[in-house]
Amino acid sequence: MPKLKTKSGAKKRFKFTATGKVKSGVAGKRHRLISHNSKYIRQNRGTKVMADADAKKIKSYMPYA
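Conventions used here
Residues numbered from 1 in each chain as written. Predicted model: local features only at pLDDT ≥ 70, side-chain atom pairs only at ≥ 80, totals over all residues. Heavy atoms only, no water. UniProt positions renumbered as here; feature names shortened; annotations may be inferred. Helix = DSSP H or I, 4+ residues; strand = E, 2+ residues; numbered from the N terminus. Buried < 20%, exposed > 50% of the residue type's maximum accessible area, 1.4 Å probe, protein only. Contact = heavy atoms within 4.5 Å. Core = buried A, V, L, I, M, F, W, Y, C linked by side-chain atoms within 4.5 Å. Pairing = 2+ DSSP bridges. Axes fitted to C-alpha atoms, helices over the stretch in contact; angles between N-to-C directions.

Under an unreviewed UniProt entry, the protein chain has the name Large ribosomal subunit protein bL35 and belongs to Brevundimonas intermedia. Listed in UniProt under the heading Sequence similarities (unreviewed entry), the comment for the protein chain reads: "Belongs to the bacterial ribosomal protein bL35 family."

See the structure below:
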């Protein structure tokens, strides 16, 4: 069997926790931040854990992670 390729976009955007959950950066933090309130900006700081349905798809993109 040939080796499976990892999607290069996925390996740049997602990391895995020790328990196997998928972490990602939070969307909506690049530009147009003046129009967002302080609570929105503060709560979207750091990273988030992806939902199970999304994580399943992401794991298929990264077969060896």
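Details of unusual backbone geometry
A positive phi angle, near 60 degrees, is found at Arg-32, a position not held by glycine. Structurally, Arg-32 is set in the loop between strand E2 (22–25) and helix H2 (38–43). Exposure remark for Arg-32: the relative accessible area of 63% places this residue in the exposed category.

What to know about the side chain of Asn-44
Among the secondary structure elements, Asn-44 is positioned in the loop between H2 and strand E3 (47–49). Relative accessible area serves as the criterion here: at 18%, Asn-44 is assigned to the buried category. With sequence-adjacent residues up to four places away left out, Asn-44 is seen in contact with Val-26, Ala-27 and Lys-29.

Here's the deal with the nonpolar core
Among the nonpolar cores identified, the biggest contains 7 residues, and these are Ala-10, Phe-14, Val-22, Met-50, Ala-55, Ile-58 and Met-62. The residues touching Phe-14, leaving out its near neighbours within four places in the chain, are Val-22, Lys-23, Ser-24, Met-50, Ile-58 and Met-62.

Comments concerning the pairing of E2
Burial along E2 is one-sided: the residues Val-22 and Ser-24 are buried and none of Lys-23 and Gly-25 is. One ladder, built from 3 bridges, connects strand E1 (residues 14–16) with E2; its direction is antiparallel. When the bridges of E2 are listed, Phe-14 appears paired with Ser-24. The antiparallel hairpin formed by E1 and E2 contains 5 residues in its connecting segment, where Gly-20 sits at a positive phi of about 95 degrees. Bridging between E2 and E3 involves 3 bridges; their strand directions are antiparallel. Considered in E3, the bridge of Gly-25 is made with Thr-47.

A look at the sheet that holds E2
Spatial ordering of the open sheet is given by E1-E2-E3, a layout of 3 strands whose pairing is antiparallel. The open sheet has two edge strands, E1 and E3, and neither has a second partner. Sheet twist, expressed as the average angle between the axes of neighbouring strands with direction ignored, equals 35 degrees.

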